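A closer look at the structure
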Amino acid sequence: MTHATVKKIVLPLLGVIAVLSLWTVLSQTVATDLPSPARTWRESRRYVLEPFFKDGEMNQGIGRLAFYSLVRVGKGFALALLLGTPVGFLLGLSRAFHQSFDPIVQFLRPISPLAWLPLGLVIFQKSEPAAIFTIALCAMWPTVINTAVGVRSISQDYLNVGRVLRLSRWKMLTKIVVPASLPYVFTGYRLSLGLAWLVIVAAEMLTGTPGVGGFLWQEYNSLVYSHIILSVVTIGVIGFLLDRLMGVVERRVRVA
Amino acid sequence: MAYLEVLGLRKAYATARGRTEVLGGVDLAVDEGEFVAVVGYSGSGKTTLVSLVAGLIAPDAGEIVLDGAPVTGPGPERGIVFQQYSLLPWLSVHDNVALAVDAVNPGRPARERRRLTEELIALVNLTPAAGKRPAQLSGGMRQRVAVARGLAMQPKVLLMDEPFSALDALTRASCQDHLLRIWGERRTTVILITNDVDEAILLADRIYPMTPGPGAVLGPAIEVGLPRPRARRHLSLEPAYQKARQAIVDFLRANRRVA
Ligand SMILES: Nc1ncnc2c1ncn2[C@@H]1O[C@H](COP(=O)(O)OP(=O)(O)O)[C@@H](O)[C@H]1O
Ligand SMILES: [Mg+2]
């Protein structure tokens, strides 16, 4: 075995085995309500092996549930970008705008999704738009802040090229400001997507809408604890994949 | 009055240890179609001088008049080749040059602007690389794109701030030869900033040596009495070359910063 395979495969495998062992030990000693790995798999295998079955609103394959959540996250994320990108550019470009709205951004940023959701329900009356509103409000801040930082850190050399050419405001924006800040913007997008995925679980749990988070909460209330673990693992796997996907996009932009 | 006239230019920067005067009253005169070089140690204020003439920063005192009009801000009639390759990395060679061509020829039809762009890229021998991004080019190629972009501004005077100083010696020589040929074809008015005495003599009609700062000024201009067209070979053996070189080196030595 080469040194590289040890590092790439054997060591991560050791980590997984260690966690599974700890989980088994815990489930048999202190936390006896916690299903063991074996039992979790036994009770979850149908959800994983037939990921798209549908027996009822809340009893569906994990693929189907994940799909609902992803669509919801996609809408909230899209709204976050639609709101966050222009706000970020304005913050970065205009001193007056920055002085007017930066305090508000700093104030809104740390507010938890749990605080926004009831407000969304009050405004929209329905759970679906309330969830999307919450995702967008929580997820947009990294986009706002990274875009603003990206615009402010554009090299003076590039701006000087535009000044010497006396480019119009529009050309300055499209030819220099936007492309120069794009790597920062996409870092913001990646972080925003991660946040959106964090928020979805809370939003679904509180609104009881079908999706991974909704399923998790329902199974907790029905005392099917193995399905909580199934949901948690699914949330982790999808979050990881989303981050990787955005990482690829981000790198492509950086090379350009 | 000369085509480009710089009179009593002063510029100070605020630093941690108070104000330091970088330029202490620079005078400079350039005729139309002339190639003038400014030679000085690094840190003496050459980029500051270029930025002032370009209008990118404002002087504390003094004036700059180009073709009868005082300089108040940046504009393409004072084209510039920056010290760092400030090509836009997200645009191809073609698009970098086209950005300048389109900016200074808004009234002309697209086909004509395209032809102008391609002509300039051919002038710096980069037609095969027209579709490439700056990151895919060597340092010498990048600086030639920067020269093409500078010319694309159709400037009354082209300011070149140490365009080749980041290049290795062989590439630098080849870039200088390109510039020599291009200037022979175009006769654009040029101010070349350099810290390389031989580069200045090879390329320029007149050379201003710069005293090291703080409070840098330009010494009296030294005429380069070499006929044109010039070729690099054997040039350094000419008496006129030796004479110009000696004059510049003597001035720079006499005004060396006392460390
Ligand atoms: N924006 C600035 N703020 C403060 N000091 C500066 C600034 N730009 C240049 N300087 C200082 O002015 C001096 C001359 O700089 P510069 O014009 O770049 O010299 P050169 O191009 O001849 O190397 C240097 O000591 C430099 O540190
Ligand atoms: Mg410099």
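The text that follows walks through the structure, step by step, so that each part is easy to find.

Regarding its fold elements, chain B presents 7 helices and 10 strands. The C-alpha atoms of chain B give a radius of gyration of 18 Å, which matches the 18 Å a tight globule of 259 residues would have. When the backbone C-alpha atoms are referred to their principal axes, chain B occupies close to 55 × 45 × 35 Å. Partitioning the intrachain contacts of chain B with sequence separation of at least 6 by distance along the chain shows that 70% fall at a separation of at least 24. The centroid of the 31 positive side-chain charges in chain B is displaced by 5 Å from the centroid of its 27 negative side-chain charges.

For the rest of this paragraph, the subject is the coordination of the magnesium ion (ligand 2). Residue and element names in this part refer to chain B. The magnesium ion (ligand 2) binds to the protein through Thr47 (OG1) and Gln83 (OE1); the donor distances cover 2.0 to 2.4 Å. Highlighted residues: threonine 47 in helix α1 (residues 46-54) and glutamine 83 in the loop between β6 (78-81) and α2 (93-104), separated in sequence by 36 residues. The class for threonine 47 is partly exposed, based on a relative accessible area of 34%.

Our focus in this paragraph is a nonpolar patch on the surface. Residues and elements named next belong to chain A. Side chains of Leu119, Val122, Ile123 and Phe124 sit close together on the surface and give an oily, nonpolar patch of about 360 Å² of accessible area. Tracing the backbone through its elements, the reader meets valine 122 in helix α5 (residues 113-124). Given a relative accessible area of 57%, valine 122 falls into the exposed group.

The next subject is empty space enclosed by the protein. Gaps left between atoms show up when a probe the size of a water molecule is rolled over them. All names here are of chain B. In this structure the tally under the stated criterion is 2 cavities of 30 Å³ or more. In this structure, the largest cavity spans a volume of roughly 50 Å³. Contributing to the lining of the largest cavity are Val147, Leu151, Leu158, Leu179, Ile182, Trp183, Arg186, Arg187, Thr188 and Val190. Among the secondary structure elements, those contributing two or more residues to the lining of the largest cavity are α4 (139-152) and α5 (169-186). Looking at side-chain class alone, the lining of the largest cavity contains 7 nonpolar, 1 polar and 2 charged residues. Approximately 30 Å³ is the volume found for the second largest cavity.

Calculation rules
- Per chain, residue numbering runs from 1 following the sequence as it is written.
- Whichever chain is written first is A, and whichever ligand is written first is 1; the rest continue in order.
- Two thresholds apply to this predicted model, a pLDDT of at least 70 for residue-level local features and 80 or more for giving and counting side-chain atom pairs, whereas whole-chain, interface and lining totals are computed over all residues.
- Values reported for side chains reflect all heavy atoms of the structure, with hydrogen atoms and water molecules removed beforehand.
- Helix and strand assignments follow DSSP, with helices taken as H or I runs no shorter than four residues and strands as E runs no shorter than two, numbered in order from the N terminus.
- For the radius of gyration, the atom set is restricted to C-alpha positions; the globular benchmark scales as 2.2 Å times the number of residues to the power 0.38.
- Contact definition: two residues touch when any of their heavy atoms are within 4.5 Å.
- Residues scored as positive are Lys and Arg, those scored as negative are Asp and Glu, and His as well as the terminal groups of each chain are ignored.
- For this purpose, a charge sits on NZ of Lys, CZ of Arg, CG of Asp or CD of Glu.
- Only nitrogen, oxygen and sulfur atoms qualify as donors, and only when within 2.8 Å of the metal (3.2 Å in the case of Na, K and Ca); with water excluded, sites may look incomplete.
- Exposure is judged per residue with a 1.4 Å probe applied to protein chains only, and the accessible area is read against the type maximum: over 50% gives exposed, under 20% gives buried, and values in between give partly exposed.
- A patch is a set of surface residues, each over 30% in relative accessible area and not in a salt bridge, joined within 9 Å for like charges and within 5 Å for the nonpolar side chains Val, Leu, Ile, Met, Phe, Trp and Tyr.
- Residue exposure ignores everything except the shown protein chains as possible cover, and the areas themselves are Shrake-Rupley values with a 1.4 Å probe.
- A side-chain nitrogen of Lys or Arg and a carboxyl oxygen of Asp or Glu constitute a salt bridge if their distance falls within 4 Å.
- Buried and open spaces are told apart on a 1 Å grid over the protein atoms alone, a cavity being a set of points where a 1.4 Å probe fits but cannot get out and a pocket being an open set with protein on both sides within 12 Å along at least five of seven lines. Residues with an atom within 4 Å of a point are the lining residues.
- Grid points are joined across faces, edges and corners, and a volume is the space filled by probe spheres set on the points.
- Note that Gly is not counted as nonpolar here; it falls among the polar residues with everything else outside the nonpolar set of Ala, Val, Leu, Ile, Met, Phe, Trp, Tyr, Cys and Pro and the charged set of Asp, Glu, Lys and Arg.

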